[in-house]
Amino acid sequence: MVSASSPPSKEVQSEGKWGDSGPSRNAKWWYSTFHTVTAMIGAGVLSLPYAMAYLGWGPGILMLLLSWCLTLNTMWQMIQLHECVPGTRFDRYIDLGRHAFGATLGPWIVLPQQLIVQVGCDIVYMVTGGKCLKKFMEIACTNCTPIKQSYWILMFGAIHFFLSQLPNFNSVAGVSLAAAVMSLCYSTISWGACLARGRVENVSYAYKKTSTTDLMFRVFNALGDISFAFAGHAVALEIQATIPSTPEKPSKVPMWKGAVGAYFINAICYFPVALIGYWTFGRDVQDNVLLALERPAWLIASANLMVFVHVVGSYQVYAMPVFDLIEKMMMKRLNFPAGLGLRLVARSSYVAFTLFIGVTFPFFGDLLGFFGGFGFAPTSYFLPSIMWLIIKKPNRFSISWFINWASIFIGVCIMLASTIGGLRNIVTDASTYRVEACMPPEFESESE
């Protein structure tokens, strides 16, 4: 096993110094597979048939294929750029950003976008985990007293107060592996149940009857739904940082092997769910294809439990780089000593913050659609291509040059569409906004 403290002639050095939560460089190639699967495949896969309903067969399939190919290319670029300077490893997205854009400009370009993805996903996972646990219990125990959704979210958050104390990526490998397996399982249940059910009566694949303006915004949201399904790039370098690397055996070889495995799993999850779900229900499919199935109850309950397990792992995968950033800031600016005390304060505070936002703001999903336009599309679609053009400088009008500029153009279009669609939803939902607090039942509305 290669140590992170080995001399430069044996082990490629990290960019910067790592604290207590730094990478443990003893991961195998398959670690990167399930970490990437956990980061990329989320409960949003269940909304892909709904996105297809607004895009239609041709544009929907084209968008799925295009996103899969473009983001696989940008994933390869990030893996290659991880050690683009001999003897140095860019263990974090911000480190690579500094190298590409400069020490001053780099953090301002990269860090806000990465944090939008990581913190935003963690808040959404808080809500998703609570909802899925609530749905599972309602189906599994029909005679139990109903519990308000806020309390289920609090239960989900309580789990992470404990899991967040695990020091690094390798320490959450078991949780991440379980999450990756669950994502494959509930995706298979979704398309398998749709296939077994067959097409509904009078199924229609025409565009939904709505105003031209509303349809345009719905199409924008559909593009956002698909682009958000490829968000694993935000933690790709941090995952690669856990793999040992020497000049003879660079980390990019096992990392790429793991990434290809992750994208294969991604394909067998995304495409069957999107296509078979749309084939079954047509334009009337719900935004969660599992809810559209309704029966059998045990299947819906099992799938919701699997989604719950998956988002537990996904939360930790996205939170680990944020933990590292917070701890470094506390050590540098507050002279906080490294160790268990630092982890307790920094990580518990972050979990509490995401828990508070998840419980308090019921339309945070719309905020994510708005702000995610600035985070998801850049980090996955075009920011790696921009850095590749700056660092590698491919010949003008070469194949590589055209591919990178195509990624940039498509990614910017998706970013703008997602932002516009999310803003429209915020305006629509704000008219009925009500802070969801953990109030006694007698103060709750009947809708709760």
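Every value quoted in this text rests on a predicted model; they were computed, and no experiment measured them. (Residues numbered from 1 in each chain as written. Predicted model: local features only at pLDDT ≥ 70, side-chain atom pairs only at ≥ 80, totals over all residues. Heavy atoms only, no water.)

1. Topic: unusual backbone geometry
In plain terms, the rule: Counting from the N terminus, the helices are DSSP H or I runs at least four residues long and the strands are E runs at least two residues long. For each residue, the accessible area found with a 1.4 Å probe, counting protein chains only, is set against the maximum for its type, and the residue is called buried under 20%, exposed over 50%, and partly exposed in between.
Phi at K393 takes a positive value of approximately 50 degrees, unusual for a residue other than glycine. Its location among the elements puts K393 in the loop between α14 (364-392) and α15 (399-430). For K393, a relative accessible area of 60% gives the class exposed. In this structure, F397 takes a positive phi of about 70 degrees despite not being glycine. For F397, the position within the fold is in the loop between α14 and α15.

2. Digging into the packing of aromatic side chains
What counts is decided by this rule: Any Phe, Tyr or Trp ring, taking Trp's six-membered ring, that has another such ring centre within 6.5 Å forms a pair; planes under 30 degrees apart are called stacked, those over 60 apart edge-to-face, and the others tilted.
Scanning the model with the defined rule gives 19 aromatic pairs in all. Members of the aromatic cluster, each reached through a chain of ring pairs, are W29, W30, Y31 and F34.

3. Looking at the state of the cysteines
Simply put, the disulfide is a covalent bond whose two ends are the sulfur atoms of two cysteines. Here is the rule we go by: Cysteine sulfurs are considered disulfide-paired once they come within 2.5 Å of each other.
For the structure on display, the rule yields 1 disulfide. Linked covalently through their sulfurs, C141 and C144 form a disulfide whose S-S length is 1.6 Å. Residues C141 and C144 share a disulfide whose torsion about the S-S bond is about 75 degrees; that sign makes it right-handed. Residue class for C141 comes out partly exposed when judged on its relative accessible area of 26%. With a relative accessible area of 36%, C144 lands in the partly exposed category. Distance from the sulfur of C269, which forms no disulfide, to the nearest cysteine sulfur (C185) is 9.1 Å. Taking the relative accessible area as the measure of exposure, C269 reaches 0% and is therefore buried.

4. Quick look at the packing of helix α6 (residues 149-163) against helix α13 (residues 340-360)
For the record, the criterion: Every angle, taken between N-to-C directions, lies between 0 and 180 degrees, and every axis is a line fitted to C-alpha atoms, over only the stretch in contact when it is a helix. Comment on the angle field: the value is read as roughly parallel under 35 degrees, roughly antiparallel over 145, roughly perpendicular from 65 to 115, and oblique elsewhere. In this scheme, a crossing is called left-handed if the near helix is turned counterclockwise away from the far one by less than a right angle; it is called right-handed if the turn is clockwise. The contact rule is simple, with two residues in contact once any of their heavy atoms fall within 4.5 Å. Note on residue categories: nonpolar means Ala, Val, Leu, Ile, Met, Phe, Trp, Tyr, Cys or Pro, charged means Asp, Glu, Lys or Arg, and polar means any other residue, Gly included.
Running from N to C, α6 and α13 cross one another at 165 degrees; their axes reach a closest spacing of 10 Å. On the basis of their axis angle, the class for α6 and α13 is roughly antiparallel. As for the relative orientation of α6 and α13, their crossing is right-handed in sense. Seen from α6, the contacting residues are S150, I153, L154, G157, H160 and F161; seen from α13, they are S348, V351, A352, L355, G358 and V359. Tallied by class, residues from the contact of α6 with α13 come to 7 nonpolar, 5 polar and no charged.

5. Comments concerning the UniProt feature "transmembrane region" (unreviewed entry) in the protein
Our working rule: UniProt positions are given in the numbering used here, feature names are shortened, and annotations may be inferred rather than shown by experiment.
Feature annotation in UniProt places "transmembrane region" (unreviewed entry) on residues 54-72, 151-169, 175-196, 259-279, 299-323, 344-364, 370-390 and 402-423, given in this structure's numbering. For residues 151-169, the helix share is 68%, the strand share is 0%, and the end-to-end C-alpha distance is 29 Å. Counting secondary structure, residues 175-196 comes out at 100% helix and 0% strand; the distance between its end C-alpha atoms is 31 Å.

6. A look at empty space enclosed by the protein
Stated precisely, the cut-off is as follows: Here a cavity means grid points, on a 1 Å grid over the protein atoms only, where a 1.4 Å probe fits yet cannot get out; a pocket means an open set of points with protein on both sides within 12 Å along at least five of seven lines; lining residues are those with an atom within 4 Å of a point. Grid points are joined across faces, edges and corners, and a volume is the space filled by probe spheres set on the points.
Per the counting criterion, the structure on display carries 2 cavities of 30 Å³ or more. Each pocket or cavity is described by its volume, and for the second largest cavity that value is around 80 Å³. Along the walls of the second largest cavity sit R92, I94, L111, Q114, L115, Q118, E238, P321, D324 and L325, which together make up its complete lining. For the lining of the second largest cavity, the elements supplying multiple residues, two or more each, are α5 (105-140) and α12 (297-333). Tallying contributions element by element places α5 first for the lining of the second largest cavity, with 4 residues.

7. Describing the pattern of salt bridges
This is how the line gets drawn: Whenever Lys or Arg places a side-chain nitrogen within 4 Å of a carboxyl oxygen from Asp or Glu, that contact is recorded as a salt bridge.
Tallying each qualifying case throughout the model produces 7 salt bridges. A salt bridge links R92 to D95, with the shortest nitrogen-to-oxygen separation between them at 3.1 Å. Residue class for R92 comes out buried when judged on its relative accessible area of 14%. Classification of D95 as buried rests on a relative accessible area of 2%.

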